[in-house]
Amino acid sequence: KSDSDTYTCDIGDAQSRAKLVVQEIAVLFKQELQNEEAKEGKQVKLTCELSKPDTLVKWMKGDTVLYASEKYEFKQRGTVAELIIRDVKSIDS
């Protein structure tokens, strides 16, 4: 998308211009999140796979956006996004 712009070929006395519009491909889930069970005090990892690498991912619990902390760790490598929840408690369900 960032390559969209007007491009020019310049030969000194003349120029030719063209406009390039790049249409972004929709990002889809190649693998969706799966339900998990964990014992209190343990760690759980939620993983999903996207159709486009390095896509910005926002993790949420219900309607609350999660932020990196000692409790939550986010990892993303290429098309795989992971949420690690440490020291799970019943309120994390």
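None of these values were measured; they are calculated from a predicted model.

Calculation rules
Residues numbered from 1 in each chain as written. Predicted model: local features only at pLDDT ≥ 70, side-chain atom pairs only at ≥ 80, totals over all residues. Heavy atoms only, no water. Helix = DSSP H or I, 4+ residues; strand = E, 2+ residues; numbered from the N terminus. Buried < 20%, exposed > 50% of the residue type's maximum accessible area, 1.4 Å probe, protein only. Contact = heavy atoms within 4.5 Å. UniProt positions renumbered as here; feature names shortened; annotations may be inferred. Salt bridge = Lys/Arg side-chain N within 4 Å of Asp/Glu carboxyl O. Core = buried A, V, L, I, M, F, W, Y, C linked by side-chain atoms within 4.5 Å.

Visitor: What is the right way to look at the environment of Lys 30 in this model?
Guide: Along the chain, Lys 30 falls in strand 3 (residues 29-31). Looking at Lys 30, the relative accessible area reads 57%, which means it is exposed. Distance from Lys 30 to Lys 52, taken between C-alpha atoms, is 9.3 Å for residues 22 residues apart in sequence. Apart from the residues lying within four places of it in its own chain, the contact partners of Lys 30 are Glu 49, Leu 50 and Ser 51.

Visitor: What is the right way to look at the UniProt feature "domain: Ig-like" (unreviewed entry) in the chain in this model?
Guide: The UniProt feature table records "domain: Ig-like" (unreviewed entry) at residues 23-93. Along residues 23-93, the helical share is 0% and the strand share 37%, with 39 Å between the first and last C-alpha atoms.

Visitor: Whenever I open this one, the pattern of salt bridges confuses me. Can you help?
Guide: Any two side chains of opposite charge can pair if their charged atoms end up close together. Applying the stated rule across the entire model yields 7 salt bridges. A salt bridge links Glu 49 to Lys 30, with the nearest nitrogen and oxygen atoms 3.7 Å apart. Of this pair, Glu 49 sits in strand 4 (residues 44-50) while Lys 30 sits in strand 3; the two residues are 19 residues apart in sequence, bridging distant segments of the chain. Glu 49 gets classed as partly exposed once you look at its relative accessible area, which sits at 22%. Here the salt bridges do not stand alone but share partners, grouping Lys 45, Arg 77 and Glu 82 into one network.

Visitor: For this particular structure, what's the right way to read the nonpolar core?
Guide: Proteins that are soluble and globular tend to have nonpolar side chains buried together. Residues Val 44, Leu 46, Cys 48, Leu 50, Trp 59, Leu 66, Tyr 72, Ala 81, Leu 83, Ile 85 and Val 88 constitute the largest nonpolar core, which totals 11 residues. Elements represented by at least two residues in this core include exactly strand 4 and strand 8 (80-85). Considering each element in turn, this core owes the most residues, 4 residues, to strand 4. Sequence-distant contacts of Leu 50, that is, excluding residues within four places in its chain, are made with Val 27, Leu 28, Phe 29, Lys 30, Thr 55, Val 57, Gln 76 and Thr 79.

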